[in-house]
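As a plain string of letters, each chain reads:
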Amino acid sequence: MPNILTDSNGRLILPKSFLQRRHLPANVDFWLNEREGDLILHPRLPNARKLYIEATTACNLQCRTCIRNIWSDPIAAMKRETFDRILESLPGLPELNRIVFTSFGESLTHPSILDMIEAVRARGLAVTLGTNGLLLTSKVSAELVRLGVDRIVVSLDGVSPDIYENVRGTDMSEVLHNLHSLNEAKYQLESLIPTLGIEFVALKSNVHELGSLTRLASHLKAARVLVSNVLPYTEDILAEVLYGYEPQAPFMTGGFPVRADAWVTWGTLELPHMHWGAERRCRFVNDRSMVVGWDGEVSPCYALSHNYSYYAIDGRKKDVSRYQLGNVHDNSLADIWMSEDYTLFRSEVRIFHFPSCPDCDLRDTCDLRGENEGCWGWNPSCADCLWAQDIIRCP
């Protein structure tokens, strides 16, 4: 490694060859960190690629599986001034290529959601919309096609009406009607987008319908079925969990055919891992994603974007505190992304420098497991995060 020098102000001066080999710009700044005796340089780069926007925490459903059953956070919609601050920050993230409008609320309940999408599309960014499908009317679908939204992900946790209603508390016939209307809008406007994705949260009471779901997905011309396990927020849902410490049999494998008028393609079926220890990799960090809440607070992922409790893999109740790294009303997205805490947090997550709590011999007596903290390393801790295990998945 070449010598690292500082100028009279203590600013790091790195040899040009050092920067070129790492494809770093000549004027880049660094955060300096120590990890187990080694000094590590972390470049401050505005290289976020994906931005999740929580337009609202409100929803038109009250699903059995939802975090909204137990959280203490307010039901509120993002204000226009907050969204404007996000828009003002976008030029500062030159590698940003996708905005995802989805959250634990229903984005289509926000009265200005179509205006928000239009403002993002006017800046040339791709848009994903997550929805339960009930408000995806023919008029809304036509607008989404016109605006060039390229992905819509609809939650369908059952195929038969009684199974769907048991989870969602409503009739699924309207959702299916709306998805047919979406395909009709695409046909009328001669567009292949938005592509349709279906998200399915697997439970003991609905997993037998997964095979039927892929057939339904084919009929609906869906390009993707994303299957996730459930994160149990209540004892009722804890009894529905399919995963555990030991390897479980997979649901099924492969994809499914999708006929789109004159051609047939192959849809992807994405399945979660079914036991602890299969993986320790954060998709949010690896995809360079960040989450902006309804109030402008920035969090690194879904798992740390709200205050709530859930039952961990061993059935112990765990309280999670929201991890806020900045607010768009105070700083730009780029400044928040490149802040010391956020930069170092991502570094710790990339190598997953956290204890593996479920594998620990003291796991039954450790009080820290009741909160999102670890006995060493960065706090809040990702030590037993089920998202990082790919057990819980999201768009």
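Look above for the structure.
Structure report, in brief. (Residues numbered from 1 in each chain as written. Predicted model: local features only at pLDDT ≥ 70, side-chain atom pairs only at ≥ 80, totals over all residues. Heavy atoms only, no water.)

Some words on the environment of Ile75
In step 1: Its location among the elements puts Ile75 in the loop between β5 (50–53) and α2 (80–89).
In step 2: For Ile75 and Thr56, which are 19 residues apart along the polypeptide, the C-alpha to C-alpha distance reads 7.5 Å.
In step 3: Once residues within four sequence positions are removed from consideration, Ile75 is found in contact with Thr57, Ala58 and Arg68. (Helix = DSSP H or I, 4+ residues; strand = E, 2+ residues; numbered from the N terminus. Contact = heavy atoms within 4.5 Å.)

Let's talk about unusual backbone geometry
In step 1: Going from Ile193 to Pro194, the amide bond is cis rather than trans, its omega being 5°.
In step 2: You can see Pro194 is positioned in the loop between α6 (173–188) and β9 (195–202).
In step 3: In this chain, Asn379 is followed by Pro380 through a cis amide linkage whose omega measures 10°.
In step 4: If you trace the backbone, Pro380 turns up in the segment after α11 (340–350).
In step 5: Here Phe352, not a glycine, exhibits a phi torsion of approximately 50°, which is positive.
In step 6: Residue placement: Phe352 occurs in the segment after α11.
In step 7: The exposure class of Phe352 is buried, given its relative accessible area of 9%.
In step 8: Backbone geometry at Asp390 places phi at a positive 65°, although glycine is not the residue there. (Buried < 20%, exposed > 50% of the residue type's maximum accessible area, 1.4 Å probe, protein only.)

Details of helix α4 (residues 138–147)
In step 1: Taken as a whole, α4 has its buried residues at Val140, Ser141, Leu144, Val145 and Leu147. For α4, the buried positions fall inside an angular range of 165° around the axis, keeping them on one side.
In step 2: Its buried side turned inward, α4 meets α3 (113–121), β7 (126–131), β8 (151–155) and α6. (Arc of directions from axis to C-beta.)

Details of the packing of α2 against α3
In step 1: α3 packs onto α2 with a crossing angle of 15° between their chain directions and a minimal axis gap of 11 Å. The angle between α2 and α3 places the two elements in the roughly parallel class. The crossing of α2 and α3 is right-handed. Taken together, the residues of α3 that come into contact with α2 (itself represented by Arg80, Phe83 and Leu87) are Asp115, Met116, Ala119 and Val120.
In step 2: Grouping the constituent residues of the contact of α2 with α3 by class yields five nonpolar, no polar and two charged. (Axes fitted to C-alpha atoms, helices over the stretch in contact; angles between N-to-C directions. Parallel < 35°, antiparallel > 145°, perpendicular 65-115°, else oblique. Left-handed = near helix turned anticlockwise from the far one by under 90°. Nonpolar A, V, L, I, M, F, W, Y, C, P; charged D, E, K, R; others polar.)

Quick notes on empty space enclosed by the protein
In step 1: Under the defined criterion, the tally for this structure stands at three cavities of 30 Å³ or more.
In step 2: Counted as a void, the largest cavity has a volume near 640 Å³.
In step 3: If you go around the largest cavity, you meet 34 residues; those closest to its centre are Ser103, Phe104, Ser155, Arg168 and Glu199.
In step 4: Contributions of two or more residues to the lining of the largest cavity are made by β7, β8, β9 and β10 (224–229).
In step 5: Of the residues contributing to the lining of the largest cavity, the split by class is 16 nonpolar, twelve polar and six charged. (1 Å grid on protein atoms, 1.4 Å probe; cavity = no way out; pocket = protein on both sides within 12 Å on 5 of 7 lines; lining within 4 Å. Points joined across faces, edges and corners; volume = space filled by probe spheres on them.)

Description of α3
In step 1: Residues of α3 that are buried include every one of Ile113, Met116, Ile117, Ala119 and Val120, and no others. Down the axis, α3 shows its buried residues gathered within 160° of arc, on one side only.

A short note on the environment of Pro358
In step 1: Of note, Pro358 is situated in the segment after α11.
In step 2: Along the sequence, Pro358 and Asp314 sit 44 residues apart, while their C-alpha atoms lie 7.6 Å from each other.
In step 3: Filtering out sequence-adjacent residues up to four positions away, Pro358 remains in contact with Tyr245, Trp276, Ile313, Arg363, Arg369, Ala383 and Asp384.

Quick notes on the nonpolar core
In step 1: Leu51, Phe101, Leu156, Tyr308, Leu333 and Trp387 are the most contacted members of the largest nonpolar core, which has 112 residues in total.
In step 2: Beyond its immediate chain neighbours, meaning those up to four positions away, Tyr308 contacts Ile67, Ile70, Trp71, Leu231, Tyr233, Ala303, Lys318, Asp319, Val320 and Trp387.
In step 3: Residues Phe18, Leu19, Leu24 and Val28 belong to the second largest nonpolar core, which totals five residues. (Core = buried A, V, L, I, M, F, W, Y, C linked by side-chain atoms within 4.5 Å.)

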